[in-house]
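Structural features, examined
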Amino acid sequence: YSIIPLPNEIEDRQGSVVLSGEVKVSLPENERARGVCSYLGDHLKRAGVTLLPVEAGASGETIRLAVCDTLPSEAYELEVGDGKILLRSNADGAGFFYGVQSLLQLIPSDYYTDGAPVPDRLEIPAVRIKDRPRFGYRGAMIDVGRNFMPKEFVMKFIDQMAAYKMNRLHFHLTDDQGWRIEIKKYPRLTEVGSKRSGTLIGHSDYYWPERFDSIPRSGYYTQEDIKEIVRYAEERFVTVIPEIEMPGHASAALAAYPELSCGLGKDYAVRQSWGIFKEIFCPTERTITFLEDVLSEVIELFPSHYIHIGGDECPKDAWKACPRCQALIRKEGLKNEEELQSWFIHRIEAFVNSKGRDIIGWDEILEGGLAPNATVMSWRGETGGISAARQRHDVIMSPSRYCYYDHYQEDPEYAPMEISGFLPLDTAYAYDPVPLELTPEERLHIIGPQANVWGEFIQTPEYLEYMAFPRLLAMSEVQWTNPDRKDFEDFTHRLADEFKRLDYNKVNACRNFYEVNFEGSWNAASGRYEVAMKTFCPGMEIRYALNDSAEANLKGRYTSPIALDETATVYAAAYLDGKRLGKITRKTFAVNLATGCDYTSVPKAGWEHLNEGFGLTDGVRGYPIQMRRWISFYEDTVRIDVRLREPSEIREVAFASLWKPRNMIWPARYAKVFVSEDGKRYRQVDERVLAYDFTRTEATRFPVSLTFEPRKAAFVRVEIGSGGLCPEGQPGEGTQSELALDEIEIR
């Protein structure tokens, strides 16, 4: 039974039920049941199946929907067998809808295979399911503030959410780069705030100075668009939660109405780049009135109990310099600007509460004191969520490490441009949103988890789908299925079938599920460097070759980790029934005398991004697009001592340092190599003053190789001078730069 998310109770049965031609469906006197019946009928038309609704108890029924008042909200019972299909739900009807999703996934996957013959009958395997969700809040967020997404795509995304029993769409409608919702009382919000004249190219810390295209971008949803989206979602039991950012992330609003800022008369603009900006709402009565007016129209459009008011990433520089803000702090008896933000959030919450609604805010709303009825969305890890739950506030867990789907899901070295981090499918699936340190009573305040698809680098609907799927299916199982029922290997078997439905629905899902991922490590027991390969899709055959990218030469059959005794690039692809389903992937492993060796550094590394304690000898070089493979130091001089496994004759020591001026990362200015046979007495064998081409404008990995007459060594010391002080005119000028190193290679 390839059902995602996995039902919490499922019983195998023998036999099947065949649907063909006209099929009678017995319905209760329940409007939601009739809507679900219509929804099911639309999905069966392709096989020539027509559903004929009949009154409850009518003879000749094949499918019966029945109300069962003892079932809790969103629960359902589905029985298939003996020629009939019985689906039970309580009167709210959500269980009918979720039972239909399971029923549709019971249809053999060939039904959803492009090019396969369209069947004239559907055979549904017999089964008995009793199911209910683990969490009542099962969310996904899409960010249309940074890059606008068409209304039609939003509805398509809602369709996919609903198919996997997710029930909350968090709609991030405003940000520094765009205001996306029509507010009739303030037309300049869309006339000005929904448009920008260009967009940052690449990462802000990759190109320096920053580069921008000159492509105008715009877009917003009219109030009629919003009504249509909300109505469409309601029909699929999805609640749309709007987010209006405040008091930070307000550049687009202030470009339209600069008088709402602390710096009246300043030239505000809709931002073309990403990040955190100092232009924020000034907490005056004028601003409060403006935001109450905006929220009044928003509340009228969205029936959601929750209104998300942001509250994150709000620098206080403007408030510190603003006489009005400082006077307000004194008047209200506040200690500082953090308490001023809390005062601001309290004011907004009181207004939202007066409309019969509650607010959600990012975990920064904890700072300065939490508003009385606020729900916290915990994104900076789980600490904020734990603190809120202990204060008896409801919490939505959304830590970036597990829930940010703008992070890389495949090897960042070769993946399309994404924001940061690394969140592969198995990590997304493994998340449990209920922290063990909470008491049973406190755990009840964790109302559910949410996946977030932030939009900085996502400019098209196709790319948003690429980032969201199939990880969103993993999240659906985190949200719905009890932990003791979850099993990643079983999930991959079901996902292999479900990919056919994703393809059928023209969802541009990432294909890394069918591609080879590599992991290299030193095997101390065998005394060799080994490369393991895996693919998430079960039953795939992996073929590989060394230093040869031609598919015809992928002749090796992977059965166990392969040994490398020198630097090599491994190319591989995965095949099912002789057909390659994903792209050929590759990874270079720098295998040398230092690989797998212990080392010490003075000073200790300030930041080890991966493989702490052996990141400089793990066989994998860094790449400039991301910091994941680099080891960072913050001192002027760094000394690294490598202990070789056995005394050897060496003639070369190599490493690389990174240049990323936007992040105050500058490459090494000199390097010295010393050798020793006892680890006590060292003699210098080479020295190099290093120079670079700084006319480039993108982040660059600068390799360094020091070669010398062969020397016998059991220990090798590399002394590296950092880039020194950041140069004049560059970010951080006059302060100590960061030195980022990757592999120490010895030959």
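Up top is the structure.
Residues numbered from 1 in each chain as written. Predicted model: local features only at pLDDT ≥ 70, side-chain atom pairs only at ≥ 80, totals over all residues. Heavy atoms only, no water.

For the rest of this paragraph, the subject is the pattern of salt bridges. Applying the stated criterion across every chain yields a total of 56 salt bridges. Of the charged contacts, one joins Asp225 and Lys151 as a salt bridge, the two residues approaching to 3.7 Å between their closest N and O atoms. Here the residue Asp225 occupies a position in helix 5 (residues 223-235), and Lys151 occupies one in helix 3 (residues 151-163), the gap between them amounting to 74 residues. When its relative accessible area of 18% is taken as the criterion, Asp225 is described as buried. One salt bridge in this structure joins Asp686 and Arg688, with 3.7 Å as the shortest N-O distance. Each of the salt bridges in this network shares a partner with another, and the network as a whole consists of Glu11, Arg13, Glu77, Glu79, Arg88 and Arg128. (Salt bridge = Lys/Arg side-chain N within 4 Å of Asp/Glu carboxyl O. Helix = DSSP H or I, 4+ residues; strand = E, 2+ residues; numbered from the N terminus. Buried < 20%, exposed > 50% of the residue type's maximum accessible area, 1.4 Å probe, protein only.)

Strands sit in the order 8-9-14-15-16-17-18-21 around a closed barrel of 8 strands; the barrel is parallel. The sheet shows a mean angle of 30° between the axes of neighbouring strands, direction not considered. With 3 bridges connecting them, strand 16 (residues 358-362) and strand 17 (residues 375-378) associate as parallel partners. The residue bridging Ile360 from the neighbouring strand is Thr375, located in strand 17. (Pairing = 2+ DSSP bridges. Axes fitted to C-alpha atoms, helices over the stretch in contact; angles between N-to-C directions.)

Here we have 7 strands laid out as an open sheet, ordered 1-7-5-6-4-2-3, and mixed in their pairing. The sheet is open, and its two edges are formed by strand 1 (10-19) and strand 3 (50-55), each paired on a single side. Each strand axis lies, on average, 25° off the axis of its neighbour in the sheet, ignoring direction. In the sheet, strand 5 (residues 76-81) pairs with strand 6 (residues 84-89) via 5 bridges, with the strands oriented antiparallel.

For the rest of this paragraph, the subject is the side chain of Asn452. Here Asn452 is to be found in strand 21 (residues 446-453). Among the polar contacts listed, one links the side chain of Asn452 to the side chain of Ser398, at a separation of 2.6 Å. Those residues within four positions of Asn452 in sequence are excluded, and the remaining contacts are Met141, Trp362, Ser398, Cys403, Tyr404, Tyr405 and Asp406. (Polar contact = N/O pair within 3.5 Å; in protein donor to acceptor, adjacent residues only side chain to side chain. Contact = heavy atoms within 4.5 Å.)

Here we take up the pairing of strand 21. Across a regular strand the side chains alternate sides, sitting on one face of the sheet and then on the other. Taking burial as the measure, the 8 residues of strand 21 include 8 buried ones, the bulk of the element. Summarising the sheet, strand 8 (residues 139-143) and strand 21 pair through 4 bridges and their orientation is parallel. For Ala140, the partnering residue across the bridge sits in strand 21 and is Ala451. Sheet analysis places strand 18 (residues 395-397) next to strand 21, joined by 3 bridges and oriented parallel. For Met397, the partnering residue across the bridge sits in strand 21 and is Pro449.

Quick look at helix 11 (residues 383-390) now. Those residues of helix 11 that fall on the buried side of the exposure criterion are Gly384, Gly385, Ile386, Ala388 and Ala389. Residues of helix 11 that are buried in the fold lie against strand 17, strand 18, helix 14 (440-443) and strand 21. In the stretch just after helix 11, Arg392 is the one whose phi turns positive, near 65°.

Counted under the stated rule, the structure contains 0 disulfides. Sulfur of Cys262: no disulfide; nearest cysteine sulfur belongs to Cys282 and is 3.1 Å away. Overall, the relative accessible area of 17% leaves Cys262 in the buried class. With no disulfide of its own, Cys314 has Cys262 as its nearest cysteine by sulfur position, at a separation of 9.5 Å. (Disulfide = S-S within 2.5 Å.)

Scope: geometric values only; no functional claims are made or implied.
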